[in-house]
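# A closer look at the structure
Now for the letters of each chain:
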Protein chains: 2
Amino acid sequence: MPTLEELETPTPIVDLDRLERNLDRMAQYAVEYGLSLRPHIKTHKSPMLATEQLRRGAIGLTCATAAEVEVMSAVGKDILLAYPAIGRARLERLMGVSSETRLTVALDSAEAIEQLAAAARAHDRSVSVLLEIDLGMHRVGVASVDRVIELINLVRARPPLMYAGIAFYPGHIRQSVSVQDESLAELSAALGSVLSELEQANLRPGIVSGGSTPTAFRTHEIEGVTEFRPGTYIFNDRTTCEIGACEKDDVALTVLATVVSTAVPGQAVIDAGSKALGREPLRAAGGGGFGVLAEHSEVTVKAMSEEHGLLDLQGSDWLPAIGDRVHVIPNHVCIVVHLNDVVHGIRNGVIETSWPVAARGR
Amino acid sequence: MPTLEELETPTPIVDLDRLERNLDRMAQYAVEYGLSLRPHIKTHKSPMLATEQLRRGAIGLTCATAAEVEVMSAVGKDILLAYPAIGRARLERLMGVSSETRLTVALDSAEAIEQLAAAARAHDRSVSVLLEIDLGMHRVGVASVDRVIELINLVRARPPLMYAGIAFYPGHIRQSVSVQDESLAELSAALGSVLSELEQANLRPGIVSGGSTPTAFRTHEIEGVTEFRPGTYIFNDRTTCEIGACEKDDVALTVLATVVSTAVPGQAVIDAGSKALGREPLRAAGGGGFGVLAEHSEVTVKAMSEEHGLLDLQGSDWLPAIGDRVHVIPNHVCIVVHLNDVVHGIRNGVIETSWPVAARGR
């Protein structure tokens, strides 16, 4: 194991104490409010970290791709694919997952139901289905309850599919935690109306699956939700921080980078560019740029090329020297992990462990 | 080998006829104007494709990271690291590259020279140096010729380093080819002035290395340039197309994607989001979005989540069905390759070959 000083940059590193605190806090919140926690593994893509989530009481895992399900089935025996399984290759991969793993798929169309039903029949495998509803995100999901009921009835007519409940994603609620009240009340009302119509149709969902990191600790305020699927909370990032969904010292993952040039006056260049940080905007008030330095909170990455990050030194009296190492808090951590093959875990300034991003690129 | 229809999406696919045409055209241009072509491998990260470039007369390769140099040294015996080798881990990796490969490093600081000289001495390895100058990009590079001369003299005083020439990157010239004249004239004048001062100081550079894809076919207009380092030209992308540096049918790489949801009225969702396409802006006039469909040039990817691309169907009479497959022309192809582990080569509708992105994540 190299020392932290020997580590080649740019590379993502994780503060293990913070990571464990983040895991514990969400697990405790779930217990406190009697909610099922089904963390989304897209953020870490690591069976080792999924195991840490399950060990702390997560009831199962959420994945975005069939290949993620495949990788996670080594440790997760109850997996939700929160994505319609359209197309033969994706379905074949999904059906190839060990039969010891209980599969659930969230979907929003008759085509997805028919394709999944055909694959499930061919493999003689029962698959649970959540109907994806649109509560304001307008990405996927059915908005009309009549249509939801039609699709639920189609699922019920297609064994070995089983109607298990409904799912929604409140990803449009991204404003600061302090002003979420109204959005959450609207969401809660919209969900309440769907639930009462389903109840009247005798189709009360066993599972009502929602939740993402920006609203995770307020999930109990959305009446009717039984499980939630936060992902980012395991590491947190600049966006999570700026909206107030975590504190700065809850940010567990940073990108270690090196100052490689100060030749152009008024700026410094680090070796973390778009291939290390992604080009994700800050999804919050609080400034521009593609990341902020943990050690100099006034310094952002103002521009990037693939391997160059340009630090904005205006407003800072820090004078970077070539060779200086800095920790960049990325705007969006999920992309950063997806860009890397290995993540290093640090405790007390020492690399304690390193793990592969096993489901990367999958 | 799966058939094209069996391929799991999203995945990058390459039209091999177009790829070969792109390779041939640039090689012929270099011959026609007596320029040395040293292609940047950051775009493809594949030793197999680097070999195709060398076979067509490229005099060597350009890399952005020491790990890329390591991977490419299997096929390239003359490699330029167009990036300052700052930090022990990077230098150790670079010095570990087979001694059969001639190494050149472009850099812009005394610190970079001293670090490289110490490593080269420790490994008893001669390394050529290009002084990076700033001709308007304002990313890295020295703007003052006096400072360039100081640094050249420092290199000359630090054997086994050898002063080989100067390098610049005209990446700021990104406007449409039809309006590049003035920028190229300015660049040419600025370079001319540097060259005449170096001449007066008796430090005439053997190599004057410039060039990137947007201006590649006009490199001969920049007086004094001896070699150029285009990368993107091997695949091209939406940006290259929109600025007029290639035709639409020169775009060799597209991302094959599947329509997975049409539940939200007025849009369709494909399975290529930011984890497949990156979140690169179009660096040209000609529209927004994160990519455009090859088969429906009026349809762009207007928004993305990690695994969702939202197609803007306004202005199109195409009615996508769930399961439809489309080809997305990405805004910036280098990021797309970097996000993937494997690329498939297609000819006449058949997968002829697949290759690993060997230097991905490195």
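### Description of the packing of aromatic side chains
The description of two aromatic rings rests on the distance between their centres and on the angle between their planes. All names here are of chain B. If you walk through the whole model with that rule in mind, you get six aromatic pairs over all chains. With centroids separated by 5.4 Å and ring planes inclined at 80°, the aromatic side chains of Tyr-29 and Phe-217 adopt a geometry described as edge-to-face. With a gap of 188 residues between them, Tyr-29 in helix α1 (residues 16–32) and Phe-217 in the loop between β8 (207–210) and β9 (227–228) connect regions that are remote in the sequence. We classify Tyr-29 as buried; its relative accessible area is 5%.

### Looking at the interface of chain B and chain A
Contacts between the two partners involve 60 residues from chain B and, on the opposite side, 60 residues from chain A. Summed over the shared surface of chain B and chain A, the result is 12 salt bridges. Summed over the shared surface of chain B and chain A, the result is 34 residue pairs in polar contact (both at pLDDT 80 or more). Those elements that place two or more of their residues in the side of chain B that touches chain A are α3 (66–72), α4 (88–95), β10 (253–261), β11 (267–270), α9 (274–277) and α10 (333–338) of chain B. Partitioning the side of chain B that touches chain A into residue classes produces 23 nonpolar, 16 polar and 21 charged.

### Describing the packing of helix α4 (residues 88–95) of chain A against helix α5 (residues 110–122) of chain A
All names here are of chain A. Direction vectors running N to C along α4 and α5 enclose 45°, while the axes themselves pass 10 Å from each other. The angle between the axes of α4 and α5 places the two elements in the oblique class. The crossing of α4 and α5 is right-handed. When α4 is examined against α5, the residues Leu-91, Leu-94 and Met-95 are found in contact with a partner set consisting of Gln-115, Leu-116, Ala-119 and Ala-120. For the contact of α4 with α5, the residue count by class is six nonpolar, one polar and no charged.

### Comments concerning α1 of chain B
All names here are of chain B. End to end, α1 covers 24 Å across 17 residues, agreeing with the expected 24 Å (1.5 Å per residue, within 8%). Among the residues of α1, those classed as buried are Leu-16, Leu-19, Asn-22, Leu-23, Met-26, Ala-27, Tyr-29 and Ala-30. Each buried residue of α1 sits inside an arc of 165° when the element is viewed along its axis, so together they form one side. Turned more than 90 degrees from where α1 packs its buried face, Gln-28, Val-31 and Glu-32 sit exposed. Each element contacted by the buried residues of α1 is listed here: β1 (11–15), β2 (36–37), α2 (47–55), β9, β16 (342–347) and β17 (350–356).

### Here we look at the nonpolar core
All names here are of chain A. Leu-94, Leu-116, Ile-166, Leu-191, Leu-198 and Phe-235 are the most contacted members of the largest nonpolar core, which totals 103 residues. Take this core: its biggest share by element is seven residues, from helix α6 (residues 145–156). When sequence neighbours within four positions are dropped, the list of residues in contact with Ile-166 reads Leu-130, Leu-131, Ile-133, Leu-191, Val-194, Leu-195, Leu-198, Pro-205, Ile-207, Val-208 and Ser-209.

### A closer look at the sheet that holds strand β5 (residues 102–107) of chain B
Residues and elements named next belong to chain B. Spatial strand order, β2-β9-β8-β7-β6-β5-β4-β3: eight strands in an open sheet with parallel pairing. Two strands lie at the open edges of the sheet, namely β2 and β3 (61–63), each paired on one side alone. Where β8 meets β9, two bridges bridge the pair, whose relative direction is parallel. In the strand pairing of β9, Gly-210 is matched with Phe-228. Of the strands in this sheet, β7 (161–167) and β8 touch helix α7 (residues 181–200), which is tilted by about 150° from β7.

### Concerning the relation of the copies chain B and chain A
Between the two copies, chain B and chain A, the superposition gives an RMSD of 0.0 Å; the rotation angle is 180° and the shift along the axis is 0.0 Å. The superposition operator between the copies reduces to a two-fold rotation axis. Scanning chain B for the C-alpha nearest the rotation axis identifies Arg-279 of chain B, at a separation of 2.8 Å. When the interface residues of chain B are mapped onto chain A, 100% of them again fall at the interface, so both copies present the same face.

### Observations regarding unusual backbone geometry
Residue Thr-9 of chain A is joined to Pro-10 of chain A through a cis peptide bond whose omega torsion reads -5°. Within the element layout of this structure, Pro-10 of chain A appears in the segment before β1 (11–15). The phi torsion at Asp-124 of chain A lies on the positive side, around 50°, for a residue other than glycine. Here Asp-124 of chain A is to be found in the loop between α5 and β6 (127–132). Of note, Asn-236 of chain B is a non-glycine position whose phi angle comes to about 65°, a positive value.

### Focus on the pattern of salt bridges
Taken as a whole and assessed by the stated rule, the structure comprises 56 salt bridges over all chains. Note that Arg-18 of chain A and Asp-15 of chain A form a salt bridge whose closest N and O atoms lie 3.7 Å from each other. Under the relative-accessibility criterion, Arg-18 of chain A is labelled partly exposed at 25%. On the basis of relative accessible area, Asp-15 of chain A is assigned to the partly exposed category, the value being 28%. In this structure, the salt-bridge partner of Arg-360 of chain B is Asp-341 of chain B, at a minimum N-O distance of 3.3 Å. Placement of the pair is Arg-360 of chain B in the segment after β17 and Asp-341 of chain B in the loop between α10 and β16, with a sequence separation of 19 residues.

### Section: the side chain of His-344 of chain B
By secondary structure assignment, the location of His-344 of chain B is in strand β16. When sequence neighbours within four positions are dropped, the list of residues in contact with His-344 of chain B reads Leu-7, Thr-11, Pro-12, Ile-13, Val-14, Ile-351, Thr-353, Ser-354 and Trp-355 of chain B.

### Observations concerning the environment of Arg-102 of chain A
Residues and elements named next belong to chain A. Its place among the elements puts Arg-102 in strand β5 (residues 102–107). Judged by its relative accessible area of 39%, Arg-102 is partly exposed. Taking the C-alpha atoms as reference, Arg-102 lies 41 Å from Ala-285; in sequence the two are 183 residues apart. Excluding anything up to four places from it in sequence, Arg-102 contacts Lys-77, Asp-78, Ile-79 and Ser-128.

### Topic: the sheet that holds strand β3 (residues 61–63) of chain A
In a beta sheet, neighbouring strands pair by backbone hydrogen bonds and run either parallel or antiparallel. Residues and elements named next belong to chain A. Across the sheet, eight strands lie side by side as β2-β9-β8-β7-β6-β5-β4-β3; this open sheet has parallel pairing. Every interior strand has two partners, whereas the edge strands, β2 (36–37) and β3, have only one. Here β3 runs beside strand β4 (residues 78–81); their pairing, made up of three bridges, is parallel. Bridge pairing in β4 links Cys-63 to Leu-81.

### Regarding the environment of Gln-28 of chain A
All names here are of chain A. Tracing the backbone through its elements, the reader meets Gln-28 in helix α1 (residues 16–32). Taking the relative accessible area as the measure of exposure, Gln-28 reaches 52% and is therefore exposed. Along the primary structure Gln-28 and Gly-57 are separated by 29 residues, whereas in three dimensions their C-alpha atoms are 9.0 Å apart.

### Some points on the confidence of the model for chain A
Within chain A, residue pLDDT values average 96, and 100% of them lie at 70 or more. Scored as a whole, the predicted complex attains pTM 0.96, and scored at its interfaces, ipTM 0.95.

### Points about the pairing of strand β10 (residues 253–261) of chain A
Residue and element names in this part refer to chain A. The buried fraction of β10 amounts to nine of the nine residues, a majority that puts the element mostly inside the structure. The pairing of β10 with strand β15 (residues 325–330) spans four bridges and is antiparallel. Note that in β15 the partner of Leu-256 across the bridge is His-327. Summarising the sheet, β10 and strand β11 (residues 267–270) pair through two bridges and their orientation is antiparallel.

### Let's talk about the environment of Arg-55 of chain B
All names here are of chain B. By secondary structure assignment, the location of Arg-55 is in helix α2. With a relative accessible area of 58%, Arg-55 lands in the exposed category. With 171 residues separating them along the chain, Arg-55 and Thr-226 place their C-alpha atoms 20 Å apart. At 2.8 Å, the side chain of Arg-55 and the side chain of Glu-52 are in polar contact.

Definitions and limits used
- Residues numbered from 1 in each chain as written.
- Chains lettered and ligands numbered in written order.
- Predicted model: local features only at pLDDT ≥ 70, side-chain atom pairs only at ≥ 80, totals over all residues.
- Heavy atoms only, no water.
- Phe/Tyr/Trp six-rings, centres within 6.5 Å; stacked < 30°, edge-to-face > 60°.
- Helix = DSSP H or I, 4+ residues; strand = E, 2+ residues; numbered from the N terminus.
- Buried < 20%, exposed > 50% of the residue type's maximum accessible area, 1.4 Å probe, protein only.
- Contact = heavy atoms within 4.5 Å.
- Salt bridge = Lys/Arg side-chain N within 4 Å of Asp/Glu carboxyl O.
- Polar contact = N/O pair within 3.5 Å; in protein donor to acceptor, adjacent residues only side chain to side chain.
- Nonpolar A, V, L, I, M, F, W, Y, C, P; charged D, E, K, R; others polar.
- Axes fitted to C-alpha atoms, helices over the stretch in contact; angles between N-to-C directions.
- Parallel < 35°, antiparallel > 145°, perpendicular 65-115°, else oblique.
- Left-handed = near helix turned anticlockwise from the far one by under 90°.
- Expected span 1.5 Å × (residues − 1).
- Arc of directions from axis to C-beta.
- Core = buried A, V, L, I, M, F, W, Y, C linked by side-chain atoms within 4.5 Å.
- Pairing = 2+ DSSP bridges.
- Least-squares fit on C-alpha atoms with pLDDT ≥ 70 in both.
- pLDDT = per-residue confidence, 0-100.

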